[in-house]
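# Results of the structural survey
Here's the letter readout for the chains.
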Amino acid sequence: MKKFLKILLRIWRCQVTFLGYLFSIILIVMLGLAFVWYPYKVSSYKPATPTHLKQKKEYLKSVKDAAANATIKPNIVIILFDDLGYGDLSAYGNKLIQTPSIDSVASTGVKFNNFYSSSPVCTPSRAGLLTGRLPIRTLAGSVFFQTGSTIGNFRKAMGNANELPKDEVLLPEVLKAAGYTTGMLGKWHLGDIDGHLPNDFGFDEFFGVHYSNDMLPLNVYRNETVEIEDKTVLVNGGKSHTDHQDEIEIYGLDQSTLTQSYTKEAAKFISQNKDNPFLLYFAHSFPHVPHYASKMHKGQSEGGLYGDVVEDLDRSVKMVMDALKVNGLEENTIVIITSDNGADYNGSAGNLKGKKQQTYEGGQRVPMIIKWKDHLPSGLVTNEMAMNTDFFPTILDLLGLPLPKDRVIDGKNIFSVFEGQKSPHEYLYYTKNTNGEIQGIRNDRYKYHIAAYEALPLFGSIGFVRNKKPQLNDLLLDNEAHNLIEKYPGISAKLKDEMEKKIKELDLGNNKRGWVE
């Protein structure tokens, strides 16, 4: 017995020794990763190599040549709200928040009931809007973070892009080549380093911020120069200011003035360029968190602070429309009003399921209103489906400008939809917020979606959920509450097959950027 116990003791000591060595090795590896590999990867990070710069330059030259024969050059104003939900406007059914100015544009223009952002989060959606391409092709499949931030450094360490590649072709670059004056106001959020800023991608003028208003410091730039230096400090030392009730010390920038400041610049830009064709991309910072309403109107909305913020945006739209009218530009200006993704904190998705960051309808279906006085129908409401990637090819076709031939353009010309006709899209796609991969597909009625929650029990009632279980929904009769996948297996199989075809077409392993050689 004693001999047996000695053997057990010897085995135990060996195990302890082995585990000690193993723990030491793991600790050394982890320390090496933390203090050697990670800093090296961050410091050695470089933006994606722009392999198609030559093709881009040749294309922009062809645009310049084509523009010489253009017969019309309407001004274009794109007003993009940040995190405005499908149900946040009174034109879309909100009972607490009043948006009479936006409602007026809707009642005299074209209102979409089935319009989508190309992502449920901001960076990818903006990339999709400005390039006409699915965000994953632009390496902007997820949110970019400010240089030097923890998440920004982590992205670099993992080799993920944190800025839009230089060889992407953006709408302002095309219109600038076509003779337009191009201006941007508000939130950029497509990179904050030299060579990847608004002025580097075709904007003649820029006044605004480089990223979301919850990312500090939120400096306000005029072109590439800091005009208002933000020295806001969170008492807890954090760099993410996500709630107006955070304990902060504000120095430099008062966010309650942002909407008004942007809007004054918009009116000035319109007035100064009334005699030249122009593109104004007005990308508001709100109603993204933290919420700050103008002091002049704070407390007036029945929708609380969030309502105050949205009603500030409505007043901003009125000032823009008034500026167009005063300068005699109503009949020669296309005005587009939409949101970068669905509602977030305190926002409303209306009768839709889900919110920002999710591929349920509430994450990607957004308000969209377009008006071109005396050129488009007045008061038309369309149920046809479209996506913000469609703006790029639609505007270029209207101006008689060619599309780039060296890359896939995912958007389609939807001008006929503005006139009350059917959508050119047979399918639209839903993309994951963390990488831009396709997670869902819809046709004119049904949606197949693989991001539904699935419970995985571990011990009794203890477990977790994962986003894997597929579901089929009837978008005409339901708000994604009832899974019809077993009732209509044929429809499910067809949509799944079409989604997988699109995923295969993306060819992420070999041609992620979507080049056409």
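### Description of the overall build of the chain
Scanning the chain from terminus to terminus reveals 12 helices and 16 strands. Its C-alpha radius of gyration of 25 Å places the chain within 12% of the 24 Å reference for a compact globule of 517 residues. In terms of principal-axis extent, the alpha carbons of the chain reach across some 105 × 60 × 55 Å. Residues counted as buried form 53% of the 517 residues belonging to the chain. Counting contacts in the chain only where the partners sit at least 6 residues apart, residues at least 24 apart contribute 68% of the total. When the accessible surface of the chain is summed, it comes to about 23,500 Å², and 55% of that surface belongs to carbon and sulfur atoms. The positive charge centre, built from 59 side chains, and the negative charge centre, built from 59, are 8 Å apart in the chain.

### Things to note about the environment of D312
Residue placement: D312 occurs in helix α8 (residues 304-326). Its relative accessible area of 8% is what places D312 among the buried residues. In this structure, the C-alpha to C-alpha distance between D312 and T259, residues 53 residues apart in sequence, is 7.2 Å. With residues near it in sequence (within four places) discarded, D312 still touches T259, A293, S294 and H297.

### Concerning helix α10 (residues 391-398)
Within α10, six of the eight residues are buried, which leaves the element mostly enclosed by the surrounding structure. For α10, every residue scored as buried is listed here: F391, F392, P393, T394, I395 and L396. Just downstream of α10, G400 is the residue with a positive phi angle, here 75 degrees.

### Digging into the side chain of R513
Relative to the assigned elements, R513 resides in the segment after α12 (489-506). Polar contacts involving the side chain of R513 include one to the main-chain carbonyl oxygen of R137, which spans 3.1 Å. Leaving out residues up to four positions away in the same chain, R513 has contacts with R133, R137, T138, L139, P165, D167 and E168.

### A look at the pattern of salt bridges
The full count for this structure, using the stated rule, is 32 salt bridges. Close ionic contact of D474 with R445 constitutes a salt bridge, the shortest N to O distance being 2.9 Å. Placement of the pair is D474 in strand β16 (residues 462-474) and R445 in the loop between β14 (438-442) and β15 (446-459), with a sequence separation of 29 residues. R445 sits in the partly exposed class, given a relative accessible area of 29%. By sharing partners, the salt bridges in this structure join D82, R126, K187 and D340 into a single network.

### What about the sheet that holds strand β10 (residues 333-339)?
Read across the open sheet, the 10 strands follow the order β6-β5-β4-β3-β9-β1-β10-β11-β2-β12; overall the sheet is mixed. Looking along the sheet, the strands with just one partner apiece sit at the ends: β6 (225-228) and β12 (380-387). Taken over all neighbouring pairs, the strand axes of this sheet differ in orientation by 20 degrees on average, direction set aside. Strand direction decides the pairing type here: strand β5 (residues 220-222) and β6, joined by three bridges, are antiparallel. Residue pairing across strands places R222 opposite T225, the latter belonging to β6. Contacts between helix α3 (residues 100-107) and the sheet are confined to β1 (75-81), β2 (110-116), β10 and β11 (365-371), with β11 contributing the most and set at about 65 degrees to the helix. Against the sheet, helix α4 (residues 122-131) contacts β1, β3 (181-187) and β9 (278-283), and its axis sits at roughly 165 degrees relative to β9.

### What to know about the nonpolar core
In this structure, F112, V174, L175, Y281, I370 and L401 are the most contacted members of the largest nonpolar core, which totals 53 residues. F112 has contacts with Y92, M368, I370, T382, E384, A386, V417 and F418, leaving out every residue within four places of it along the chain. Grouped together as the second largest cluster of nonpolar side chains are 49 residues, V77, L89, Y92 and M215 included.

### Things to note about the pairing of β1
When you tally the buried positions in β1, you get seven out of seven residues, the bulk of the element. Residues of β1 alternate between two faces, with N75, V77, I79 and F81 on one and I76, I78 and L80 on the opposite face, all of them buried. Inspection of the sheet shows β1 paired to β10 by seven bridges, in the parallel sense. Bridged to N75 within β10 is T333. Note that β1 and β9 share five bridges and pair parallel. By the bridge assignment for β9, I78 is matched with Y281.

### Re the environment of G411
Along the polypeptide, G411 turns up in the loop between α10 and α11 (415-418). Relative accessible area serves as the criterion here: at 10%, G411 is assigned to the buried category. Once the C-alpha coordinates of G411 and G354 are considered, the two residues, 57 residues apart in sequence, prove to be 24 Å apart. Each residue touching G411, except ones within four places of it in the same chain, is listed here: G132, T389, D390 and P393.

### Considerations on the side chain of S256
On the secondary structure map, S256 appears in the loop between β8 (248-249) and α7 (258-272). At a separation of 2.8 Å, a polar atom in the side chain of S256 contacts the side chain of K295. Not counting chain neighbours up to four residues away, the residues in contact with S256 comprise Y292, A293, S294 and K295.

### A closer look at the packing of α3 against α8
One can describe the packing of α3 onto α8 by two numbers: an axis separation of 7 Å at closest approach and a directional angle of 55 degrees. Classified by the interaxial angle, the pair formed by α3 and α8 is oblique. Where α3 abuts α8, its residues P100, S101, I102 and V105 lie against D314, V317, K318 and M321.

Definitions and cut-offs
- Residues numbered from 1 in each chain as written.
- Predicted model: local features only at pLDDT ≥ 70, side-chain atom pairs only at ≥ 80, totals over all residues.
- Heavy atoms only, no water.
- Helix = DSSP H or I, 4+ residues; strand = E, 2+ residues; numbered from the N terminus.
- Rg over C-alpha atoms; globule rule 2.2 N^0.38 Å.
- Buried < 20%, exposed > 50% of the residue type's maximum accessible area, 1.4 Å probe, protein only.
- Contact = heavy atoms within 4.5 Å.
- Areas by Shrake-Rupley, 256 points an atom, 1.4 Å probe, with all protein chains shown as cover.
- Lys, Arg positive; Asp, Glu negative; His and termini not counted.
- Charge placed at Lys NZ, Arg CZ, Asp CG, Glu CD.
- Polar contact = N/O pair within 3.5 Å; in protein donor to acceptor, adjacent residues only side chain to side chain.
- Salt bridge = Lys/Arg side-chain N within 4 Å of Asp/Glu carboxyl O.
- Pairing = 2+ DSSP bridges.
- Axes fitted to C-alpha atoms, helices over the stretch in contact; angles between N-to-C directions.
- Core = buried A, V, L, I, M, F, W, Y, C linked by side-chain atoms within 4.5 Å.
- Parallel < 35°, antiparallel > 145°, perpendicular 65-115°, else oblique.

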